Amino acid sequence: YRKSSSQEPELYSPASPGPQQEPISTYFEEKVPIPEDDMTKVLFSFRKLWAFTGPGFLMSIAYLDPGNIESDLQSGARAGFKLLWVLLGATIIGLLLQRLAARLGVVTGMHLAEVCNRHYPTVPRIILWLMVELAIIGSDMQEVIGCAIALNLLSVGRIPLWAGVLITIIDTFVFLFLDKYGLRKLEAFFGFLITIMALSFGYEYVRVAPDQAEVLKGMFLPYCSGCGPTQLEQAVGIVGAVIMPHNIYLHSALVKSRDINRANKKEVKEANKYYFIESSIALFISFLINVFVVAVFAEAFYGKTNMEVSLQCNETGSAHSKLFPANNETLEVDIYKGGVVLGCFFGPAALYIWAIGILAAGQSSTMTGTYSGQFVMEGFLNLRWSRFARVLLTRSIAIFPTLLVAVFQDVQHLTGMNDFLNVLQSMQLPFALIPILTFTTLADSGVCTIGGGLLILVVCAINMYFVVVYVTALNSTVLYVFSALLSIAYLSFVCYLVWRCLIALGVSRLDFRGSVQYPPAVLMDEQPEFDS
């Protein structure tokens, strides 16, 4: 939006890089109607909140994917309760960024990929699309592998990793077509999966019974006494796992599934309010589930050695006792080993319930990841394919590298791959955060603009630190040289996006040739109707 001469906001449609000018239709053909209320008398309506409930919970699933669960359990095993405050802070930052994404979709009627299509020239737009696709592929690999690991645990090793990958891909196709029976039924199914995760990891929490005082202390007291490089890397990893680039694109598209009259300023303000409330509730639930996982491993396995775990598994007759070497090194766990050690210490039920939770996390997140891929491909490339063709293509992009990993990697040794995929997603984060800041400029609120910019700068810096730590640990001159060359190209493109962002923020002197079109930004001016 921009101000017209009459001081009323009007929709700003900049020159498009292509001939297409109408917003690309949302993936969901159905739009959920919003019940009418007299807003002069009713400040809050549960009926309306229920109508807006759905997109935020689908978005929150990315905070509960197998990559996040693994980050949680490693945080608890390596740092105890000391990094819960980092998880809380990262979730709050995620909520603020998701608020920007939802507001962009509500006000402009276009999701982030569509807006990028209209604003950026062809070559940068294609590069941006490729970077986001890389993030989606990396996330999708973690999610599909997580499902395969869960199936392996549930079948006591009878279902190999590659078979679990194929099962996950096939059943994802089945579940994705649930929206043919109604969008609300699809959202209810995702709510069911979140409930399974809450019950599964909640059972582990009750079974282990962590010290509640330590949980609260770790959550609200920002400290980390006795922490070293390992704990610092884990803290950085938490931020990187929680704030995922493709999720920004996803949320900005999901909010288009509600029937909102964007010409009515009160409806826009109301939608922004209810979406923010819904996202807050959804992320609060996801935060609690993440806390369950961190606290379980902090209470039961912080400071444990491989020898202790190996002896316990031998005593209980576990089939996985050889998984842990008989040495005094600190226990290293992932989502596979995490289930095993729960089974050794708290019985087979703990192992199977853990696997059910991981399966629900992986299945739900791989479905929303597929939606992300479709929105991104539609928006950046303006594709007009059938639903089945889009699903098939976006699934195929991730299926082959995932199958290769499943065939050539042992289920017991996937931590290295997980670290690499986390680094890959961390590197793609600027390609979501810089555009969302560019297109949600606050026209007359310099404090908010600077605050948003600094927040995004801090998140990007944290993730870049994580990347640098990972690369320096490789101890390979060839990889160092390759990384240096790649970094030059990478930073050049990031600087280009920052340059466009600064021009959108009003630093017009940087537009040397006057060739940059201002984006269709969500400019929140002094009118109270838009201060939501």
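Rules used throughout
- Position numbers for residues start from 1 in each chain and track the written sequence from start to end.
- Local features in this predicted model are restricted to residues whose pLDDT is 70 or higher, and side-chain atom pairs enter the listing and the counts only when it is 80 or higher, whereas totals over whole chains, interfaces and linings include all residues.
- Excluding hydrogens and water, the side-chain values take into account all heavy atoms of the structure.
- UniProt positions are given in the numbering used here, feature names are shortened, and annotations may be inferred rather than shown by experiment.
- Ring pairs are drawn from Phe, Tyr and Trp, using the six-membered ring of Trp, whenever the two centres fall within 6.5 Å, and their geometry is named by plane angle: stacked under 30 degrees, edge-to-face over 60, tilted for the rest.
- The cut-offs for exposure are 20% and 50% of the maximum accessible area for each residue type, with area from a 1.4 Å probe on protein chains only; residues under the lower value are buried, those over the upper are exposed, and the others partly exposed.
- Numbered from the N terminus, helices here are DSSP runs of H or I no shorter than four residues, and strands are runs of E no shorter than two.
- Counted as over-ring charges are cases with an Arg CZ or a Lys NZ within 6 Å of the ring centre that also lie within 35 degrees of the ring normal.
- Residue contacts are counted whenever heavy atoms from the two residues lie within 4.5 Å of one another.
- By this rule the span expected of a helix is its residue count minus one, scaled by 1.5 Å.
- Counted as a polar contact is a pair of N or O atoms within 3.5 Å, where, for protein atoms, one must be capable of donating a hydrogen and the other of accepting one, and residues adjacent in sequence contribute only when both atoms are in side chains.

Under an unreviewed UniProt entry, the name given to the chain is Natural resistance-associated macrophage protein 2-like, and the organism recorded is Sinocyclocheilus grahami. Under the heading Sequence similarities (unreviewed entry), UniProt records this for the chain: "Belongs to the NRAMP family."

With respect to the packing of aromatic side chains
The geometry of two aromatic rings is summed up by the distance between their centres and the angle between their planes. Throughout the structure, instances matching the rule amount to 17 aromatic pairs. Relative to phenylalanine 46, the ring of phenylalanine 44 lies with its centre 4.9 Å away and its plane at 90°, an arrangement referred to as edge-to-face. Using a relative accessible area of 64% as the deciding quantity, one classes phenylalanine 46 as exposed. When the centroid spacing of 5.9 Å and the interplanar angle of 45° are considered together, the rings of tyrosine 496 and tryptophan 499 count as tilted. You can see tyrosine 496 and its partner tryptophan 499 sitting in helix α20 (residues 477–504), three residues apart, about one turn around the helix. Classification of tryptophan 499 as partly exposed rests on a relative accessible area of 25%. Taken together, the aromatic side chains of Phe201, Phe297, Phe301, Phe345, Phe346 and Trp354 make up a single cluster linked through ring pairs. A cation over a ring is seen here: arginine 99 above phenylalanine 276, with NZ or CZ 5.6 Å from the ring centre. Between the NZ or CZ atom of arginine 184 and the centre of the ring of tryptophan 50, over which it lies, the distance is 5.2 Å.

So, the environment of tyrosine 205
Along the polypeptide, tyrosine 205 turns up in helix α8 (residues 183–208). Each C-alpha atom, one on tyrosine 205 and one on isoleucine 289, is 9.5 Å from the other, the two residues being 84 residues apart in sequence. Leaving out residues up to four positions away in the same chain, tyrosine 205 has contacts with Pro210, Gln212, Val215, Phe292, Ala295 and Val296.

Some words on helix α12 (residues 265–301)
Its 37 residues place the ends of α12 53 Å apart at the C-alpha level, agreeing with the 54 Å of an ideal helix rising 1.5 Å per residue. Between the side-chain oxygen of the N-cap and the backbone nitrogen of lysine 266 there are 2.9 Å, and the N-cap of α12 in question is asparagine 264. Where α12 ends, the next residue or the one after it, glycine 303, has phi of about 85°, a positive value.

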